[in-house]
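# Remarks on the overall topology
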Amino acid sequence: MKNVQAIVLAAGKGTRMNEGRNSPIPKVMFELEGRPMIDYSIENLKKAGFEKPVVVIGYKGEMVKKHLGNKVSYAWQSPQLGTGHAASCAKVAVDPKVKTILSVYGDDSAFYEPKMLQNL
């Protein structure tokens, strides 16, 4: 999508999915229908016209990076200081000419239709 950059917040520890403890895998790597949730999120963004989303990684980020490879750009959130901080960490990977950012979560955006992402 021209002049709009998508960022995907994917640094979560998955504590709500693991009885309050850090999960053994990043939250976005939990599977739906045999695929990590992040796959659906990236796929939907690409179908909506966002060519190379910036994925903000943190907790076990190397696992996410190894899985996604060069399909996306990356920004690291370290230390992890919350959602707003994660979004601000993406600045390093966003072209300064971009004036509009679409920020989505790497887990629940798996459920967003590409048309809805375009409309946002």
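Coordinates for the structure precede this section.
Residues numbered from 1 in each chain as written. Predicted model: local features only at pLDDT ≥ 70, side-chain atom pairs only at ≥ 80, totals over all residues. Heavy atoms only, no water.

## Quick look at the packing of aromatic side chains
With the rule as written, the count across this model stands at zero aromatic pairs. Above the ring of Y40, the side-chain terminus of R35 is found at 4.4 Å from the ring centroid. (Phe/Tyr/Trp six-rings, centres within 6.5 Å; stacked < 30°, edge-to-face > 60°. Lys NZ or Arg CZ within 6 Å of the ring centre and 35° of its normal.)

## Remarks on the environment of P24
Tracing the chain through its elements places P24 in the loop between β1 (4–10) and β2 (31–32). The spatial distance from the C-alpha of P24 to the C-alpha of G14 is 8.5 Å, given a sequence separation of ten residues. (Helix = DSSP H or I, 4+ residues; strand = E, 2+ residues; numbered from the N terminus.)

## Notes on the nonpolar core
The biggest cluster of nonpolar side chains holds 19 residues, and the ones touching the most others in it are I38, L45, V55 and L68. Counting only elements with at least two residues in this core, the list comes to β1, α1 (37–47), β4 (54–57), α2 (61–68) and β6 (100–105). Look past the residues within four positions of L45 in its chain and what remains in contact with it is A6, V8, F50, P53, L102, V104 and L117. Counting nine residues, the second-largest nonpolar core is a separate cluster that includes V56, A75, C89 and V94. (Core = buried A, V, L, I, M, F, W, Y, C linked by side-chain atoms within 4.5 Å. Buried < 20%, exposed > 50% of the residue type's maximum accessible area, 1.4 Å probe, protein only. Contact = heavy atoms within 4.5 Å.)

## Comments concerning α2
Buried residues of α2: G61, V64 and L68, and no others. On an axial view of α2, the arc spanned by its buried residues comes to 60°, and they lie on one face. Facing away from the buried side of α2 by over 90 degrees, the exposed positions are E62 and K66. Looking at the buried positions of α2, the neighbouring elements they touch are α1, β4 and β5 (73–76). One or two residues past the end of α2 sits G69, with phi positive at roughly 60°. (Arc of directions from axis to C-beta.)

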